[in-house]
Amino acid sequence: MSDLPRKAVVRTAKLAALPLGFAGRTALGLGKRIGGRSAEIIASELQQRTAEQLFATLGQLKGGAMKFGQALSVFESALPEEIAGPYRAALTKLQEAAPPMPTSTVHSVLAERLGEDWRELFEEFEDKPSAAASIGQVHRAVWHDGRAVAVKVQYPGAGKALLSDLTQLSRFARLLGPLIPGMDVKPLISELRDRVSEELDYALEAEAQQAHAEEFADDPDVLVPAVVHQGDQVLVTEWMDGVPLSEVITNGTEEQRNRAGQLLARFLFSGPARTGLLHADPHPGNFRLLTGHAPDGPAQEWRLGVLDFGTVDRLPDGLPPTIGTSLRMALAGEADAVYRHLCEEGFVKESIALEPDAVLDYLLPIIEPAQVEEFTFTRGWMRHQATRIGDPRSPAHQLGKQLNLPPSYLLIHRVTLSTIGVLCQLGATVRLRDELAAWMPGFVAEETAAPEAVGDLCEESTA
């Protein structure tokens, strides 16, 4: 593979083969069952082959296909356990690696973007990439001033490939839906499409990363590498060693997984409050655990290293107070107040009439982690929530279909769900209430605040 496959017809053919492959294996499985083999054995074989094809296709294509795979991978906690096993390994691979660009292509991009004398900028440059992801790959190098740096090089043709892939994926989103019960895949793909131009713009990424690097420069819990140099399709930042979060998920001790989970939750909620930006790509490949000078030392001294600021949500005033206020009122059992608040903020359309108590019953299981001092996130809990909301026969599913998610909350919603998915992969016990109280506007009522004004929206529907 000389570079990112760019011909639309080639990429479309590869992606179109995914649903055809799913259907073909299902038909083959039916034939084997008629021949006497057990359904369980056949199902396991089909799931394993499907997972292998999913990774092989998405990983090879990179671009939007790879980006979709990474977004999907953080939700594997929601899969039923009998299906999760075969998919887990394949999807996890998408979090850390993809087939690299040839060295000649990398050198051509650097010469074009940094100048023919680009080598003079570096004391050393490793041709073999240290990481490869959806739209670019990273090379370790030494900057001319002696600093160890990471050089992020965008794949040639990445923009067209991203849009082409996501357009094609949206055409058979319904076939991919069963991969994640309770989740509508098509809006996820649409939201990824909306972010394409931002992610391709390394100037925006450099600005977002540097803002975080400066804010967290002296933070005891979080580290963000500083930006060293930014050019068109090339981004140079300080190098950061550390243990990949995916390794902690797989091999970490209970103490290590708990520490990683607490830091992840802290960064999710503190970032918007401190920088006005929300890191919007929380898959495990973008996080490292920094163990300091004592890798075997206590996990409580670990720090969270954060990478890849290509996708951010700009929230100059932090997270919207609506979220914290609604959480606080729901936890207090104030069904009528929660309902009125959701109506006022557009989560319930004016043409819809719902029972406030039913809305509260829908919300309480989802916000269970905020009800207690500490909560253990598990795959079982995630699967239960996905089944409860995703089963068309359940009251929660029927009510959820009538709720509305305003566009300004789409990315916040996805990032929060993705982070919860990673916490469930970790199996981490997290003091989530502490983070909400510290960073979520509206979660803690102001003692001097006057009682909340009650709007007249939804009054007729609740009468």
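What counts and what doesn't
Residues numbered from 1 in each chain as written. Predicted model: local features only at pLDDT ≥ 70, side-chain atom pairs only at ≥ 80, totals over all residues. Heavy atoms only, no water. Buried < 20%, exposed > 50% of the residue type's maximum accessible area, 1.4 Å probe, protein only. Helix = DSSP H or I, 4+ residues; strand = E, 2+ residues; numbered from the N terminus. Contact = heavy atoms within 4.5 Å. Core = buried A, V, L, I, M, F, W, Y, C linked by side-chain atoms within 4.5 Å. Patch = residues over 30% accessible without salt bridge, like charges linked within 9 Å, V, L, I, M, F, W, Y side chains within 5 Å. Areas by Shrake-Rupley, 256 points an atom, 1.4 Å probe, with all protein chains shown as cover. Salt bridge = Lys/Arg side-chain N within 4 Å of Asp/Glu carboxyl O. Lys, Arg positive; Asp, Glu negative; His and termini not counted. Charge placed at Lys NZ, Arg CZ, Asp CG, Glu CD. Axes fitted to C-alpha atoms, helices over the stretch in contact; angles between N-to-C directions. Parallel < 35°, antiparallel > 145°, perpendicular 65-115°, else oblique. Nonpolar A, V, L, I, M, F, W, Y, C, P; charged D, E, K, R; others polar. Phe/Tyr/Trp six-rings, centres within 6.5 Å; stacked < 30°, edge-to-face > 60°. Lys NZ or Arg CZ within 6 Å of the ring centre and 35° of its normal.

**Student:** Explain helix α13 (residues 321–331) here, please?
**Tutor:** Because an α-helix packs 3.6 residues into every turn, residues spaced three or four apart end up facing the same way. For α13, the set of buried residues is T322, G324, T325, S326, L327, M329 and A330. Packing partners of the buried residues in α13 comprise α14 (335–344), α15 (356–366) and α19 (432–439).

**Student:** Sorry, what's going on with the nonpolar core here?
**Tutor:** Note on soluble globular proteins: their nonpolar side chains tend to be buried together. Within the largest apolar cluster, 68 residues are counted, with the highest numbers of intra-cluster contacts made by L245, F377 and L426. A total of eight residues in this core trace back to one element, the largest contributor, which is helix α18 (residues 410–426). Not counting the four nearest positions on each side in its chain, F377 is found in contact with P369, I420, L423, C424, G427, A428, V430 and L432. Core analysis: the next-biggest nonpolar cluster, separate from the first, contains 28 residues, M101, L114, A206 and V228 among them.

**Student:** I keep staring at a negative patch on the surface and nothing clicks. Help me out?
**Tutor:** Negative charge collects at one region of the surface, where E123, E124, E126 and D127 lie side by side. You can see E126 is positioned in the loop between β1 (122–125) and β2 (131–132).

**Student:** Could you clarify how one ought to interpret the environment of A335 in this entry?
**Tutor:** Tracing the backbone shows A335 in helix α14. Given the relative accessible area of 8%, A335 is considered buried. Each C-alpha atom, one on A335 and one on L360, is 5.6 Å from the other, the two residues being 25 residues apart in sequence. Leave out the neighbours within four places in its chain, and A335 touches P356, D357 and L360.

**Student:** In this structure, what is going on with the packing of helix α12 (residues 254–275) against α19? I would like to understand it.
**Tutor:** Pairs of packed helices are described in terms of their axes, by the angle between the two and the distance that separates them. At a minimum axis distance of 9 Å, the contact between α12 and α19 shows a crossing angle of 10 degrees. Judged by the angle between their axes, α12 and α19 are roughly parallel. Judged by residue contacts, Q262, A265, R266, F269, S270, A273 and R274 of α12 engage L432, E435, L436 and W439 from α19. Along the lines of polarity and charge, the residues of the contact of α12 with α19 split into six nonpolar, two polar and three charged.

**Student:** Teacher, can you tell me more about unusual backbone geometry here?
**Tutor:** Across the chain, the bulk of peptide bonds are trans and the bulk of non-glycine residues have phi less than zero. Within the chain, Q233 stands out as a residue other than glycine whose phi angle is a positive 70 degrees. Within the fold, Q233 resides in the loop between β6 (227–231) and β7 (234–238). Unlike most non-glycine residues, D308 shows phi in positive territory, near 60 degrees. Of note, D308 is situated in the loop between β11 (303–306) and β12 (312–314). For D308, a relative accessible area of 18% gives the class buried.

**Student:** Would you take a moment to explain the packing of aromatic side chains for this structure?
**Tutor:** Geometry of an aromatic ring pair is reported as the spacing of the ring centres plus the angle between the planes. Tallied over the full model, the rule gives nine aromatic pairs. Between the aromatic rings of F122 and W143, the centroid separation amounts to 5.2 Å while the plane-to-plane angle is 80 degrees, which identifies the pairing as edge-to-face. Placement of the pair is F122 in strand β1 and W143 in strand β3 (residues 136–143), with a sequence separation of 21 residues. Seen from the ring of Y362, R388 lies directly overhead, with NZ or CZ sitting 5.7 Å from the centre.

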